[in-house]
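Residues per chain, in single letters:
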Amino acid sequence: MKIYLVGGAIRDKLLGLKVRERDFVVVGATVDEMLRLGFKAVGKDFPVFLHPETYEEYALARTERKVAAGYHGFVFHAEPSVTLEQDLARRDLTINAMAQDEDGNLIDPFNGKNDLDRKCLKHVSAAFREDPVRILRLARFAAFLPEFTIDESTFILMQEMVKAGEVDALVPERVWQETKRALECAKPNRFFEVLKECGALSILFPSIEKRFNLAIKLLNNAVKKSKDPRVRFAALLNNLSISEIKGFAKKLNIPREYLDLALLSSTYCGFIFDENSRSAEEILCFFEKIDAFRRPKRLNDLLSVCVVFNKLPKEKIQNYKRLFEVVSNINGKDVSRTKSGVEIKNELHRLRRIAIEAKLF
Ligand code: ATP
Ligand code: MG
């Protein structure tokens, strides 16, 4: 039995980047042997194990064969006779298809090191076309390694996959997973640009494609100002209508925290930008409508998105924060206990309005 470190860990180490997780391939072992050594089986479709102490992933070397359309259309074959090279051959990109043995020797049958040096994203074999997730992964790597270009042959393959309808088979969870990871990268715009160039964007994100240049401009502004993927996402969608954002979220099953901020900023950035001076009543109603008293983080998040639009002077942001601080200090303890629920609510509103007025004038 031989163990090799594979995939992203080798790639990132050669690039001089921090290695976030390590994946291993085990050659020449059976499932029973792994279990006997104390590894915990976790793979549903193929034999993957967790190391009993480090909890890192160890997969038996395997080959795969496409037998039907879609995500689950693969038959895997993992036996002690499967070689490391066979396992590496099923991987997506040459830069992800390198391995290292226990003595630190690099095993690189597809010239991944050379593609790293020439900064090129290139598929390992024609089997690339069998899994549309690879298009998403490639677009995400373009965002992660923005100075890399896509090999022409790989790009043609991606276009053909899109034309053949492969992208329609992607499950929402994977689309969102890769999108979210791309939003966390150095240049998320590359993710959307690559998808646009190969034709996948109009299938996956038609509402972004419609006003593409503006969406990318907003996204790029957000990337300069915030690392928070929720803020970046909200900026990307800011020129979409509420119903477009909701449709988008439903299709991709987007987590609540992302959807919330996108809707909030699409609805209220305009209010905050408006140059007309606001009355105390309007400002207070705005705080109430965004539920800032119960969820104060929402105001901060919203202001983080507004900052992205350059037009907003810093003082204005500070002003909103200061006003909110003043009114949020006024709460139940400032209102007589003898009052009914509605009366308390009205009285709180009145006291808070007076407090804002005092600050405004
Ligand atoms: P990172 O973990 O930094 O996102 P990674 O390349 O390690 O990058 P993983 O999802 O951890 O990505 O996958 C580990 C390895 O498995 C990859 O490097 C690649 O070789 C292979 N791999 C993952 N997904 C696919 C896929 N859909 N098709 C082909 N190979 C894949
Ligand atoms: Mg990995």
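In every chain, residue numbers begin from 1 and rise along the written sequence. Chain letters and ligand numbers both follow the written order, the letters beginning at A and the numbers at 1. For a predicted model such as this one, the threshold for reporting local features is a pLDDT of at least 70, and the threshold for listing and counting side-chain atom pairs is 80 or more; totals across whole chains, interfaces and linings nevertheless cover every residue. For side-chain calculations, the full set of non-hydrogen atoms in the structure is used, while hydrogens and water are omitted.

**Observations regarding the environment of Asn-253**
Working step 1: With respect to the secondary-structure elements, Asn-253 resides in the loop between helix H13 (242–252) and helix H14 (256–273).
Working step 2: Each C-alpha atom, one on Asn-253 and one on Pro-172, is 6.5 Å from the other, the two residues being 81 residues apart in sequence. Strands are runs of DSSP state E lasting at least two residues, helices are runs of H or I lasting at least four, and both sets are numbered from the N terminus onward.

**Digging into the packing of helix H15 (residues 280–289) against helix H18 (residues 341–360)**
Working step 1: Closest axis-to-axis distance for the H15/H18 pair is 9 Å, and the angle between their directions is 125 degrees. The orientation of H15 with respect to H18, classified from their angle, is oblique. For the pair H15 and H18, the crossing hand works out as right-handed. Of H18, the residues touching H15 (which contributes Ala-280, Glu-281, Ile-283, Leu-284, Cys-285, Phe-287 and Glu-288) are His-349, Arg-352, Arg-353, Ile-356, Glu-357 and Leu-360. Only C-alpha atoms enter the line fits that serve as axes; for helices the fit covers just the stretch in contact. Angles between N-to-C directions range over 0 to 180 degrees. Convention used here: angles under 35 degrees read as roughly parallel, angles over 145 as roughly antiparallel, angles from 65 to 115 as roughly perpendicular, and any remaining angle as oblique. The sense of a crossing depends on the near helix, which, turned anticlockwise from the far helix by less than a right angle, makes the crossing left-handed and, turned clockwise, makes it right-handed. Residue contacts follow a heavy-atom distance rule, with two residues in contact if any of their heavy atoms lie within 4.5 Å.

**A word on the site of ligand 1**
Working step 1: Every one of the 17 residues lining ligand 1 counts as a neighbour, but Arg-20, Glu-21, Arg-134, Arg-140 and Arg-181 are closest to it.
Working step 2: A 3.5 Å cut-off defines polar contacts: any pair of N or O atoms within that distance qualifies, except that in protein one atom must be a possible hydrogen donor and the other a possible acceptor, and neighbouring residues in sequence count only when both atoms are side-chain atoms. In the model, a nitrogen atom of ligand 1 is placed 2.7 Å from a nitrogen or oxygen of the Arg-134 side chain.
Working step 3: Side-chain polar atom of Arg-137 to an oxygen atom of ligand 1: 3.1 Å apart, as the coordinates give it.
Working step 4: Surface exposure here means Shrake-Rupley accessible area, sampled with a 1.4 Å probe, where a residue is shielded only by the protein chains that are shown. Out of a free accessible area of 580 Å², ligand 1 has 82% covered by protein chains.
Working step 5: Elements supplying a minimum of two residues to the shell around ligand 1: helix H1 (8–14) and helix H5 (133–144).
Working step 6: Element by element, the count of residues in the shell around ligand 1 is highest for H5, at five residues. Whether a residue is near a molecule or strand depends on its heavy atoms: it is near if one of them lies within 4 Å of it.

**Let's talk about the environment of Glu-197**
Working step 1: With respect to the helices and strands, the residue Glu-197 is situated in helix H8 (residues 188–198).
Working step 2: Sequence separation of Glu-197 and Arg-174 is 23 residues, and the distance between their C-alpha atoms is 20 Å.
Working step 3: The residues contacting Glu-197, other than those within four sequence positions of it, are Phe-155 and Gln-159.

**Topic: the domain arrangement of the chain**
Working step 1: When the domains of the chain are assigned, the result is domain 1 (1–118), domain 2 (119–204) and domain 3 (268–360).
Working step 2: Each domain span listed reflects an automatic or database assignment of domains. Just the C-alpha atoms count here: the centres of domain 1 and domain 3 sit 54 Å apart.

**Overview of the pattern of salt bridges**
Working step 1: What makes a salt bridge here is a side-chain nitrogen of Lys or Arg within 4 Å of a carboxyl oxygen of Asp or Glu, nothing more. Taken as a whole and assessed by the stated rule, the structure comprises 29 salt bridges.
Working step 2: We note a salt bridge from Asp-87 to Arg-90, for which the minimum N-O separation is 3.4 Å.
Working step 3: Classification of residues uses two cut-offs on accessible area relative to the type maximum, computed with a 1.4 Å probe and protein chains only: under 20% is buried, over 50% is exposed, and between them is partly exposed. The class of Asp-87 is buried, set by a relative accessible area of 0%.
Working step 4: A relative accessible area of 15% places Arg-90 in the buried class.
Working step 5: Among the salt bridges present, the one from Asp-301 reaches Arg-230, with a minimum N-O distance of 3.1 Å. Remark: Arg-230 occurs in helix H12 (residues 229–236) and Asp-301 occurs in helix H16 (residues 297–307); sequence separation between them is 71 residues. Here Asp-301 and Arg-230 have matching classes, each one buried.
Working step 6: The network of salt bridges with shared partners includes Arg-256, Asp-260, Asp-291, Arg-294, Arg-295 and Arg-298.

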